[in-house]
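Descriptive structure summary
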Amino acid sequence: MILGLDISTSCTGWCLINSDRGTIEGMGYIDLAREKDILLKAEIVKSNLAILDEEYCIEKIFIEENLQAFRPGFSSAKTLMTLARFNGIVSYICKRDLGLDPFFINVNVARKSLGLKIDRKSTLSTKEQIFEWVSERVDFQWPTKTLKSGPRKGQEILSPGCYDMADAYVIACAGNISQ
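Residues numbered from 1 in each chain as written. Predicted model: local features only at pLDDT ≥ 70, side-chain atom pairs only at ≥ 80, totals over all residues. Heavy atoms only, no water.

1. Side note on the overall build of the protein
Our working definition: By definition, any uninterrupted DSSP run of H or I lasting at least four residues is a helix, any uninterrupted run of E lasting at least two residues is a strand, and each is numbered from the N terminus. Only C-alpha atoms enter the radius of gyration, while the globule expectation follows 2.2 Å times N to the 0.38, with N the number of residues. Think of it in three bands: with a 1.4 Å probe and only protein chains considered, a residue is buried below 20% of the maximum accessible area for its type, exposed above 50%, and partly exposed in between. Working rule for contacts: check all heavy atoms of both residues, and any pair within 4.5 Å makes them a contact.
Counting secondary structure elements, the protein contains 5 helices and 7 strands. Going from the N terminus to the C terminus, the protein shows its helices and strands as β-β-β-α-β-α-β-α-α-β-β-α. Against the 2.2 N^0.38 benchmark of 16 Å for 179 residues, the protein shows a C-alpha radius of gyration of 16 Å, consistent with a compact globule. Based on the C-alpha atoms only, the size of the protein along its principal axes is roughly 50 × 35 × 35 Å. Going through the 179 residues of the protein one by one, you find that 42% of them count as buried. When contacts within the protein are restricted to residue pairs at least 6 apart in sequence, those whose partners lie at least 24 apart make up 60%.

2. Some details on the pairing of strand S4 (residues 60–64)
Quick reminder of the rule: When DSSP finds two or more bridges between two strands, those strands count as paired.
Of all 5 residues that make up S4, 4 are buried, and the element is covered over most of its length. Sheet topology places strand S1 (residues 2–6) next to S4; 4 bridges connect them, and they run parallel. Along S4, the bridge assignment pairs Gly4 with Phe62. Across 3 bridges, S4 lies against strand S5 (residues 103–105) in parallel orientation. Residue pairing for S5: Phe62 is matched across the bridge by Phe103.

3. Digging into the sheet that holds S1
Adjacent strands of a sheet form backbone hydrogen bonds with each other and so pair up, either parallel or antiparallel. So the rule is basically this: To get an axis, a line is fitted to the C-alpha atoms, and for a helix only the part in contact is used. The angle between two axes follows their N-to-C directions and goes from 0 to 180 degrees.
Across the sheet, which stays open at both edges, the 5 strands sit in the order S3-S2-S1-S4-S5 with mixed pairing between neighbours. Here the strands that pair on one side only, and so sit at the sheet edges, are strand S3 (23–31) and S5. Taking each pair of neighbouring strands and ignoring which way they run, the sheet shows an average axis angle of 20°. Against the sheet, helix H5 (residues 161–178) touches S1, strand S2 (11–18), S3, S4 and S5, its axis set at about 40° to S2.

4. Details of the pairing of S1
The element S1 is extensively covered by neighbouring structure, given that 5 of its 5 residues are classed as buried. Of the two faces of S1, both are covered, the one formed by Ile2, Gly4 and Asp6 as well as the one formed by Leu3 and Leu5. By the bridge criterion, 5 bridges tie S1 to S2 in an arrangement that is antiparallel. Following the sheet pairing, Leu3 is matched in S2 by Leu16. Connecting the antiparallel pair S1 and S2 is a turn made up of 4 residues.

5. A look at the confidence of the model for the protein
Rule in force here: What pLDDT conveys is the predictor's confidence in a given residue, as a value from 0 to 100.
With 95% of its residues at a pLDDT of at least 70, the protein reaches an overall mean of 91. Across the protein, the secondary-structure element scoring lowest on mean pLDDT is helix H2 (residues 77–98), at 90, and the one scoring highest is S1, at 97.

Right, here's the structure in full:
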């Protein structure tokens, strides 16, 4: 079983792929937005990974590689450092608790290996394009939430974690074909 992770301090997406059949065995996300302390966030991820490993017997872990450079209008130096630190902590948990050395995959390499092209001129964001691409390829019941206030109160929308799940799917699939 292959585990793909899209690690973030607010939401960590995961996807399990059966390496023999190339099929999704499970997909979800770990909501970390309410917790402020990075080490407590790591404990939450650790607990969830232990449950996944017990249920699915993970054999390999592929993690989206840290961003390596700044892009104007995107993450600040502080944000990139925090993400890199959290990625390192979760990677260490994978090694220490699951006994598996994680493999790191550059997101652009992963997308290219799967033939996933991002249209920079599209009105859809990169995350939305990835979600659409994944949704066209998998039959999956994506989690939703109902808005509780505002002008769209009562409207059911995709859970924000769906985008992290889609990213984890890309990493898991790219990992599966690279082995």
